[in-house]
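# Summary of the model geometry
Here are the chains, one letter per residue:
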Amino acid sequence: MMEGWAVWVVIGLLGLGAELVLPGVFLVWVGVAALGTGLLVAVIDPGLPATLVVFVGLLAAGIALGLKRFRPHATRQTPNTPTSGLVGRHGVWLGGSRVRLGDSDWPARLEGGAEPGQAVRVLAVEGMTLLVKAD
């Protein structure tokens, strides 16, 4: 019969091994929590209820850490939003509802009038379309 700590270590190693085979990142936290529980049980034997509480606590802490660390943040800039750095930039009106901004051509809607080749400034971003006005 296996010792209690060895059972937890085997469960942890199986969880980590399954993480390599199956997609996702959840099983890694199960494996790490089981390994941590196995190490605790090897050092001190707190009894089954306390062991289960330790396992669930380590699992919850690992999941919380993973969500905090790896979840995309809403503060990251995404393309085609006013915070992406396009608003206020200067470009060249190409005519035909197009503007050259840097090394890219963008669909644009002109506010006011402008001749092809005239400098324009980006006022807003609406989806993929830039709202521009002649300088």
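Residues numbered from 1 in each chain as written. Predicted model: local features only at pLDDT ≥ 70, side-chain atom pairs only at ≥ 80, totals over all residues. Heavy atoms only, no water.

### Topic: the packing of helix α2 (residues 26-43) against helix α3 (residues 48-70)
Put simply, α2 and α3 touch, their axes get as near as 8 Å, and they point 140 degrees apart. In terms of axis orientation, α2 runs oblique to α3. At the point where α2 passes α3, the crossing takes the right-handed sense. On α3, the residues that touch Phe26, Trp29, Val30, Ala33, Ala34, Gly36, Thr37, Leu40 and Val41 of α2 are Thr51, Val54, Phe55, Leu58, Leu59, Gly62, Ile63 and Gly66. (Axes fitted to C-alpha atoms, helices over the stretch in contact; angles between N-to-C directions. Helix = DSSP H or I, 4+ residues; strand = E, 2+ residues; numbered from the N terminus. Parallel < 35°, antiparallel > 145°, perpendicular 65-115°, else oblique. Left-handed = near helix turned anticlockwise from the far one by under 90°. Contact = heavy atoms within 4.5 Å.)

### Overview of the environment of Leu86
With respect to the element layout, Leu86 can be found in the loop between α3 and β1 (90-95). Judged by its relative accessible area of 8%, Leu86 is buried. Each C-alpha atom of the pair Leu86 and Leu101 lies 8.7 Å from the other, and the pair is 15 residues apart in sequence. (Buried < 20%, exposed > 50% of the residue type's maximum accessible area, 1.4 Å probe, protein only.)

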